Structures are given as structure tokens and as C-alpha cells.
Amino acid sequence: MEDVAIEGRTGGTGSSSGGEQKQPARRGRRVRMTGAQRREQLLDIGRTLFAEKGFEGTSVEEIAAKAGVSKPVVYEHFGGKEGLYAVVVDREMRQLLDGVTGALTAGHPRELLEQAAFALLDYIENYTDGFRILVRDSPVAQSTGTFASLISDIATQVEDILGLEFKARGFDPKLAPLYAQALVGSVALTGQWWLDVRKPKKAEVAAHLVNLAWHGLDGLEQKPRLIGHRKN
């Protein structure tokens, strides 16, 4: 059981020179957190601080102070700042990956592109702190890797869809991974830009992303050629 409690004071009545009586203030009942509750509290605090200040700008002292605990409590739960950061990033990566892969339910390829774009923009809108953490350069290795590897995981989902479309249209399906990386990468980078500007509205951003991707795919050449002087 955790050793840090939330305390309050309650007023009363006792004697005074004006005849009014006030009782001495007494301490409120100590409210203790379980180990699981404290862990979640530290994760929430760490997530907010890492999003605001980054890994290097956040200290164990600040995390402990905001939680109302001593530094050893943070070390007890996570082994240090690195351990806390790794858990925060791992959770955010899984949240984003699950959201994108879970959104790919439609049968029509264009609608699948819309769903993927919306899933990423939804995550940015609803988990802004998490996205800010993910797009920073991570100094700590996580079990799920880096943001770049996460985008690659999402691209793998799109790759299977593109592969089927390429085959049906007479294109080389072996090139599907390249196009999947390009499509998902463009959405991710646009998402980073939209994170700060938040204009235009989310649906409009998704529509423009799909417009570029869909009509770009629709006009693909089976054997694309270069028109400039450079050939290698």
C-alpha cells in the first residue's frame, strides 16, 4: 500500500473573545492509493510532462513532486525516468496502431483510405499529448520500436490492400510496399502539421489526403518514367 495520502482540514466551533466558539481544526482522513492506482497516476503525470517538455526536459523530481510522492516511489514502480517513458510510449503506439488497423473495415479501397486517414487524425485530436510524444526523437528503446517503425506497421496493413488492387489492374504487386510507405508517410507528416494548425477541419483534411492518394493511384503508369536529365 502506498505511503502518501491526501489530507484535508475541517472547521468547527470554539471559544473566542467575541463570544463565538470554534473547535480546533482537525486533520481529514488519510486517503491512500493502491500500488496500481499510484502507477496509473505516475503514468498520467509522466505522459503530460513528456508531451510538454520532452524526455530530457522532464525530471524524476518533477514527476514525484506533481504526484505528491518521494523520488523512490517513482523508482520503485518504473526503475527510473527511462522505464516510465518506455511504458508511456508503448501504450501510445499500441493505441494508435489498434485504432488504425481496427478502422480498416470497408470493402472499397477508397473508403479504406478514408478510414485510415480519419483514424490517424482522430488519434491526433483525441490523444494530442500522446502524438506529441510519439513524433519526438525517442532516446529510449521501446518494445514496439520507434514512430517510424509504427508507421511501417500501419503501412503493412495498407500494403496488403494495395497488392490486391495492383494485381487486379495489371501492376506489379511487388511494388505495393513502396506505395504503401509513401501513402501512410504522407498522412503521418500531414498529421504532424495539422497537430499545430488544426485548420482546415478534420474531415476536410481527410478528404484532401484521400483526393491526392486516390487520384494519384488512379493515374499510375505501369512503367513510370523520368523526364529530367538525371537517370540514376
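Up top you'll find the structure we're talking about.
A brief look at the structure comes next. Every value quoted in this text rests on a predicted model; they were computed, and no experiment measured them.

1. Focus on the overall build of the protein chain
Phase 1 of the analysis: Counting its secondary structure elements, the protein chain contains 9 helices and 4 strands.
Phase 2 of the analysis: Going residue by residue from the N terminus, the α and β elements of the protein chain occur as β-β-β-β-α-α-α-α-α-α-α-α-α.
Phase 3 of the analysis: The buried share of the protein chain, reckoned over its 232 residues, is 36%.
Phase 4 of the analysis: A separation of at least 24 residues holds for 65% of the contacts in the protein chain among residues at least 6 apart in sequence.
Phase 5 of the analysis: Here the protein chain displays about 13,900 Å² of accessible surface, and carbon together with sulfur accounts for 52% of that area.

2. Topic: the environment of I63
Phase 1 of the analysis: Position of I63 among the secondary structure elements: in helix α2 (residues 60-67).
Phase 2 of the analysis: The exposure class assigned to I63 is buried, which follows from its relative accessible area of 0%.
Phase 3 of the analysis: Here the alpha-carbon distance between I63 and L42, two residues 21 residues apart in the chain, equals 7.1 Å.

3. Examining the layout of surface pockets
Phase 1 of the analysis: Approximately 450 Å³ is the volume attributed to the largest pocket.
Phase 2 of the analysis: Lining the largest pocket are 30 residues, and of these L113, V158, L183, A213 and L217 lie nearest its centre.
Phase 3 of the analysis: The set of elements that each furnish at least two residues to the lining of the largest pocket consists of α5 (109-126), α7 (147-168), α8 (176-197) and α9 (202-218).

4. Quick notes on the packing of aromatic side chains
Phase 1 of the analysis: The tally for this structure, following the rule as stated, stands at 7 aromatic pairs.
Phase 2 of the analysis: Geometrically, the ring pair formed by F166 and F171 is tilted, given 5.7 Å between the ring centres and 50° between the ring planes.
Phase 3 of the analysis: Relative accessible area serves as the criterion here: at 5%, F166 is assigned to the buried category.
Phase 4 of the analysis: Through a chain of ring-to-ring contacts, the aromatic side chains of F50, F55 and Y85 assemble into a single cluster.
Phase 5 of the analysis: Residue placement shows R198 over the ring face of W194; its charged tip is 5.1 Å from the ring centre.

Rules used throughout
Residues numbered from 1 in each chain as written. Predicted model: local features only at pLDDT ≥ 70, side-chain atom pairs only at ≥ 80, totals over all residues. Heavy atoms only, no water. Helix = DSSP H or I, 4+ residues; strand = E, 2+ residues; numbered from the N terminus. Buried < 20%, exposed > 50% of the residue type's maximum accessible area, 1.4 Å probe, protein only. Contact = heavy atoms within 4.5 Å. Areas by Shrake-Rupley, 256 points an atom, 1.4 Å probe, with all protein chains shown as cover. 1 Å grid on protein atoms, 1.4 Å probe; cavity = no way out; pocket = protein on both sides within 12 Å on 5 of 7 lines; lining within 4 Å. Points joined across faces, edges and corners; volume = space filled by probe spheres on them. Phe/Tyr/Trp six-rings, centres within 6.5 Å; stacked < 30°, edge-to-face > 60°. Lys NZ or Arg CZ within 6 Å of the ring centre and 35° of its normal.

Worth remembering: the numbers are spatial, not functional.
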